[in-house]
Amino acid sequence: MNLDQITSVSGEFDKDLSSVIVLKELEELRIKYLSRNGIVSGLFEKLKDVPKEEKPAVGNKLNALRNYITENFNLAKIKLEEKGSAGKQSIDLTLPGTQRQIGSKHILTQTVDEIKSIFKGMGFSTFEGPELESDYYNFEALNFAPDHPARDMQDTFFISKDFLLRTHTSPVQVRVMKNYKPPIRAIMPGRVYRSEAVNARSYCMFHQVEGLVIDTDITFAELKGTLVFFAKQFYGNDLKYRFRASFFPFTEPSAEMDITCYICGGKGCKICKYTGWLEILGCGMVDPNVLINCGIDPEKYTGYAFGMGIERTAMLKYNVQDIRLFFENDFRFLKQF
Ligand code: PHE
């Protein structure tokens, strides 16, 4: 054996390797060159016949040949295995899945949903109406005479002499009464607009939920029972409440409902302006004039209505200090709910 022989084995191996396509062929190559009876072992066997002075050089070259073949064999094996796996198993099931970022409902939507579901449980259906209203639906039909001072309670964005952005959801009451016969039991959520200075407590646009019940023998006691049940469901069972006489042109008698301040528990603090009470809604028995305007006989039917601001409700429940936060779409705020 001499050095040239070793070089020619190396060349033969290169040629053999270049024609390998599948793993099985590579394995045949391993047997041919690297197994115990393979070519490389055979060459090592012959080392003992090499003259003493040539042994170191030949031995070195043989070692180099064995390393060269082993290395190239391993590389080729990895490549073929990768190629084979590409077709069969391209998904690594052990990897963690890609997370999908999904949004969540805005806190105001969540609040409306919760209010809706409480009233749905008491048999109320839901109605919606237009945000651009006529003066008739927003005021006149609700017993606000043209120069009624109560119009000043709600600073109005007028679009023209007869059209405006609704200042409350009460016009939907009128639309429901004009379109459906009693018994009526409905809530009407929606957006309302008032030309007010924007600050931490008030905004030029906000949301309300209005409620309306019309049937025979509807009493103020039922109004109270319904609203107390709602407030307990929404704010918690051990809540204390009171009804205070108030005024709305479309209800008579009218009241506002207060609950004990959740911050100070009724002792008096900044949030409740040191009264211990927080106003949560306006309500009353539907004024007979409104029933007449809507084609309902007040001798036969009575009813009650109530309305609450959603922002205010959410601010009380979640202790939000500034109404503007609801509309700024600041992630740091929205993510908390
Ligand atoms: N619409 C009234 C408001 O916006 C609230 C209300 C509704 C009061 C229904 C009584 C009955 O202030």
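Report on the accompanying structure. Not measured: the values here are computed from a predicted model.

A word on the pairing of strand E6 (residues 241-248)
- The sheet contact formed by E6 and strand E7 (residues 251-260) spans seven bridges and is antiparallel. When the bridges of E7 are listed, Arg242 appears paired with Asp258.
- Where E6 folds back on E7, the antiparallel hairpin that results is connected by two residues.

A closer look at the site of the ligand
- What surrounds the ligand is a group of 15 residues, the closest being His168, Ser170, Arg194, Gln208 and Glu210.
- One of the side-chain nitrogen or oxygen atoms of Ser170 is found 2.9 Å away from a nitrogen atom of the ligand.
- A distance of 3.0 Å is found between an oxygen atom of the ligand and a side-chain nitrogen or oxygen belonging to Arg194.
- Computed on the free molecule, the ligand has an accessible area of 330 Å², of which 92% lies beneath the protein chains in the complex.
- Element by element, the count of residues in the shell around the ligand is highest for strand E9 (residues 302-309), at three residues.

Quick look at the packing of helix H5 (residues 107-120) against helix H10 (residues 310-318)
- Two elements in contact, H5 and H10, have axes separated by 10 Å at closest approach and are oriented at 95°. As judged from the angle between their axes, H5 and H10 are roughly perpendicular. Across from Ile107, Leu108, Thr111, Val112, Glu114 and Ile115 in H5, the residues of H10 making contact are Ile310, Glu311, Thr313, Ala314, Lys317 and Tyr318.
- Residue composition of the contact of H5 with H10, grouped by class: seven nonpolar, two polar and three charged.

A look at the layout of surface pockets
- Estimates place the volume of the largest pocket at around 1,100 Å³.
- For the largest pocket, the lining is made up of 44 residues, of which Arg194, Glu256, Glu279, Gly309 and Arg312 are closest to its centre.
- Every element with two or more residues in the lining of the largest pocket is listed here: helix H7 (170-179), strand E5 (205-215), E6, E7, strand E8 (277-286), E9 and H10.
- Ranked by the residues each element gives to the lining of the largest pocket, the list is headed by E8, at eight residues.
- Among the residues forming the lining of the largest pocket, the class breakdown is 20 nonpolar, 14 polar and ten charged.
- Counted as a void, the second largest pocket has a volume near 320 Å³.
- Taken together, 16 residues make up the lining of the second largest pocket; nearest its centre are Val112, Pro189, Gly190, Arg191 and His207.

So, a positive patch on the surface
- Together, Arg201, Lys270, Lys273 and Arg312 give the surface a local cluster of positive charge.
- Tracing the backbone shows Arg312 in helix H10.
- The exposure class assigned to Arg312 is partly exposed, which follows from its relative accessible area of 34%.

Thoughts on the side chain of Glu210
- Looking at the secondary structure, you find Glu210 in strand E5.
- Buried and without a salt bridge, Glu210 has Arg194 as its closest oppositely charged side chain, separated by 8.0 Å.
- Side-chain polar atoms of Glu210 contact the side chain of Ser170, separated by 2.7 Å.
- Apart from the residues within four sequence positions on either side, Glu210 is in contact with Thr169, Ser170, Gln173, Ala186, Ile187, Met188, Phe306 and Gly307.

Comments concerning a nonpolar patch on the surface
- Among the surface-exposed residues, Leu132, Ile159 and Phe163 lie close enough to one another that they form a single nonpolar patch of about 300 Å² accessible area.
- When its relative accessible area of 47% is taken as the criterion, Leu132 is described as partly exposed.

Quick notes on unusual backbone geometry
- Of the consecutive residues Pro182 and Pro183, the connecting peptide bond is found in the cis state with omega at 5°.
- On the secondary structure map, Pro183 appears in the loop between H7 and strand E4 (184-193).
- Residue Pro253 follows Glu252 across a cis peptide bond; omega there is -5°.
- Along the chain, Pro253 falls in strand E7.
- The residue Asn319 is not glycine, and still its phi comes out positive at about 55°.
- Positionally, Asn319 belongs in the loop between H10 and helix H11 (331-334).

Some thoughts on the sheet that holds E7
- Taken together, seven strands build an open sheet; the order of strands is E1-E4-E5-E9-E8-E7-E6 and the sheet is mixed. Across the chains shown, the open sheet's two edge strands, defined by having one partner strand only, are strand E1 (125-126) and E6.
- Inspection of the sheet shows E4 paired to E5 by ten bridges, in the antiparallel sense. Looking across to E5, one finds that Pro189 is bridged to Val209.
- Running at roughly 150° to E8, helix H8 (residues 220-235) makes contact with E4, E5, E6, E7, E8 and E9 of the sheet.

Quick word on the pattern of salt bridges
- Using the criterion set out here, one finds 13 salt bridges in the structure.
- As a salt-bridge pair, Glu27 and Arg30 come within 3.1 Å of each other at their nearest N and O atoms. Of this pair, Glu27 and Arg30 both sit in helix H2 (residues 23-34), separated by three residues, roughly a single helical turn.
- A salt bridge links Arg324 to Asp322; the nearest nitrogen and oxygen atoms lie 2.9 Å apart.
- Through salt bridges with shared partners, one network takes in Arg242, Arg244, Glu256 and Asp258.

Conventions used here
- Residues numbered from 1 in each chain as written.
- Predicted model: local features only at pLDDT ≥ 70, side-chain atom pairs only at ≥ 80, totals over all residues.
- Heavy atoms only, no water.
- Pairing = 2+ DSSP bridges.
- Helix = DSSP H or I, 4+ residues; strand = E, 2+ residues; numbered from the N terminus.
- Near = heavy atom within 4 Å.
- Polar contact = N/O pair within 3.5 Å; in protein donor to acceptor, adjacent residues only side chain to side chain.
- Areas by Shrake-Rupley, 256 points an atom, 1.4 Å probe, with all protein chains shown as cover.
- Axes fitted to C-alpha atoms, helices over the stretch in contact; angles between N-to-C directions.
- Parallel < 35°, antiparallel > 145°, perpendicular 65-115°, else oblique.
- Contact = heavy atoms within 4.5 Å.
- Nonpolar A, V, L, I, M, F, W, Y, C, P; charged D, E, K, R; others polar.
- 1 Å grid on protein atoms, 1.4 Å probe; cavity = no way out; pocket = protein on both sides within 12 Å on 5 of 7 lines; lining within 4 Å.
- Points joined across faces, edges and corners; volume = space filled by probe spheres on them.
- Patch = residues over 30% accessible without salt bridge, like charges linked within 9 Å, V, L, I, M, F, W, Y side chains within 5 Å.
- Salt bridge = Lys/Arg side-chain N within 4 Å of Asp/Glu carboxyl O.
- Lys, Arg positive; Asp, Glu negative; His and termini not counted.
- Charge placed at Lys NZ, Arg CZ, Asp CG, Glu CD.
- Buried < 20%, exposed > 50% of the residue type's maximum accessible area, 1.4 Å probe, protein only.

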